[in-house]
Amino acid sequence: MTRLSIVHKTAYKYNKRVTLSYNEARMTPLTDSQQVVLESVVKVSPSQAAVSTYRDYWGTRVTAFDMQMPHDHLEVVSNITVEVHRAEKIPAEADIAGWDVLASPETLNTFSDWLPQSRLSGPGDEVLGIIPGVVAGKNPHEAAMAVFEWMRGEMTYMSGSTAVTTNAEEAWGQRQGVCQDLAHLAIGALRSCGIPARYVSGYLHPRSSAGIGETVAGQSHAWLEFWDGDWRSWDPTNHKPAGDFHVTVARGRDYRDVPPLKGILSGGGGSALSVSVEITQLA
């Protein structure tokens, strides 16, 4: 079990006054079988914002707020304390669903959100032609592992090489991307051979050697989960399953379902954005 404190700040400084804005923040981690949120507070500035919360279709806790008065800045600060206790195990053969199960009407119906390609996950014709050879003769779990190993040999993590609108096919075309691109490409490859897969966004404590109580610059992060009889995680950026330093905030079909902060505004004339994530291991 690992206990983490996370402070996530996002701030916009507008070039001109904004007359009104409507926003949604997805910065509150999930409580599930692998992690428990002990404390979570989202504060918005200017403080006159009207704030409410709800759970979206995917089960993500959303902080919605609107500002119907002129303002020249926006700051959202999320303070979180969470305990993570993941236990990824190599599955026994008997626990792995066969291809016939994955292709059954019941499975197709149950995982109907996680099988079709989304706008960002479609990997393109070249990858679609490669994947059948990568997974040939393997069961679904072995096939997923083979896809991840194939990607490891083909893709390079490169900060700043893509944008949030970059799709899997574009990332493949340049053979590089950031964590969300690697997740999108892996998801698209898995979906193409009938393995349900979903996008996961959250936080990652980047340095296991940091001492208890030491605050480090963390990062928003993306990985994926796939179903081969049970849901299992994989972080293609770090070539391993999600561990106790991964904190899940949201799941969706791709990044478009889970952005940390999005909204619409009137005015502004452009803005300067600053984002910071600070993570402290408490136990």
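Fair warning: this is a prediction, and the values are worked out from it, not measured in the lab. (Residues numbered from 1 in each chain as written. Predicted model: local features only at pLDDT ≥ 70, side-chain atom pairs only at ≥ 80, totals over all residues. Heavy atoms only, no water.)

Alignment of strand β1 (residues 2-28) against strand β5 (residues 71-84), held across 13 bridges, turns out to be antiparallel. By the bridge assignment for β5, Thr-10 is matched with Val-76. The sheet contact formed by β1 and strand β14 (residues 271-281) spans eleven bridges and is antiparallel. Of the residues in β14, the one forming a bridge with Lys-9 is Ser-276. (Pairing = 2+ DSSP bridges. Helix = DSSP H or I, 4+ residues; strand = E, 2+ residues; numbered from the N terminus.)

Okay, the UniProt feature "domain: Transglutaminase-like" (unreviewed entry) in the protein next. The positions UniProt marks with the feature "domain: Transglutaminase-like" (unreviewed entry) are residues 171-238. For the annotated span residues 171-238, helix accounts for 26% and strand for 38% of the residues, and the straight-line distance between the end C-alpha atoms is 17 Å. (UniProt positions renumbered as here; feature names shortened; annotations may be inferred.)

As a further point, take unusual backbone geometry. Omega for the bond connecting Ser-45 with Pro-46 falls within 30 degrees of zero, at 5°, which places this linkage in the cis form. Here Pro-46 lies in the loop between β2 (35-45) and β3 (50-55). Its identity as a non-glycine residue notwithstanding, Arg-175 has a phi of 60°, on the positive side. Structurally, Arg-175 can be placed in the loop between α5 (168-174) and β7 (176-177). One non-glycine residue, His-239, lies in the positive phi region at around 55°. As for its position among the elements, His-239 is in the loop between β11 (231-234) and β12 (246-252). The exposure class assigned to His-239 is partly exposed, which follows from its relative accessible area of 31%. (Buried < 20%, exposed > 50% of the residue type's maximum accessible area, 1.4 Å probe, protein only.)

Applying the stated criterion across every chain, the model contains nine aromatic pairs. Taken together, the aromatic side chains of Tyr-57, Trp-58, Phe-111, Trp-114, Trp-227 and Trp-231 make up a single cluster linked through ring pairs. (Phe/Tyr/Trp six-rings, centres within 6.5 Å; stacked < 30°, edge-to-face > 60°.)

A few words on the environment of Ala-186. Tracing the chain through its elements places Ala-186 in helix α6 (residues 179-192). Sequence separation between Ala-186 and Pro-236 is 50 residues, and the spatial gap between their C-alpha atoms is 7.6 Å. For Ala-186, the contacting residues outside a window of four places in its chain are Phe-148, Met-151 and Leu-224. (Contact = heavy atoms within 4.5 Å.)

With that settled, consider the sheet that holds strand β10 (residues 219-227). Sheet architecture is open: four strands sit in the order β11-β10-β8-β12, paired in antiparallel fashion. Strand pairing shows two members of the sheet lacking a second neighbour, β11 and β12, which therefore form its edges. Taken over all neighbouring pairs, the strand axes of this sheet differ in orientation by 35° on average, direction set aside. For strand β8 (residues 197-204) and β10, the ladder comprises eight bridges, and the chain directions are antiparallel. Each residue of the ladder has a partner; that of Arg-198, found in β10, is Glu-225. Strands in contact with helix α4 (residues 140-154) are β10 and β11; relative to β10, the strand with the most contacts, it is inclined by about 145°. (Axes fitted to C-alpha atoms, helices over the stretch in contact; angles between N-to-C directions.)

So, about α6. For α6, built from 14 residues, the straight-helix expectation of 20 Å at 1.5 Å per residue is met to within 8% by its first-to-last C-alpha distance of 20 Å. Burial within α6 is extensive, with 13 of its 14 residues counted as buried. The positive-phi residue at the C-terminal boundary of α6 is Gly-194, with phi of around 90°. (Expected span 1.5 Å × (residues − 1).)

On the surface, a nonpolar cluster with roughly 270 Å² of combined accessible area is contributed by Leu-20, Tyr-22 and Ile-264. Mapped onto the elements of the fold, Ile-264 is located in strand β13 (residues 261-267). Residue classification places Ile-264 among the exposed positions, given a relative accessible area of 59%. (Patch = residues over 30% accessible without salt bridge, like charges linked within 9 Å, V, L, I, M, F, W, Y side chains within 5 Å. Areas by Shrake-Rupley, 256 points an atom, 1.4 Å probe, with all protein chains shown as cover. Salt bridge = Lys/Arg side-chain N within 4 Å of Asp/Glu carboxyl O.)

Next up on the list: the nonpolar core. For soluble globular proteins, the rule of thumb is that nonpolar side chains tend to be buried together. Among the nonpolar cores identified, the biggest contains 64 residues, and Phe-65, Phe-148, Leu-190 and Tyr-203 are the most heavily contacted of them. With eight residues, α6 is the single largest residue contributor to this core. (Core = buried A, V, L, I, M, F, W, Y, C linked by side-chain atoms within 4.5 Å.)

Right, let's get into the pairing of β12. In terms of burial, β12 is largely enclosed, as seven of its seven residues are buried. With six bridges connecting them, β8 and β12 associate as antiparallel partners. Its bridge partner lying in β12, Ser-201 is registered against Ala-250.

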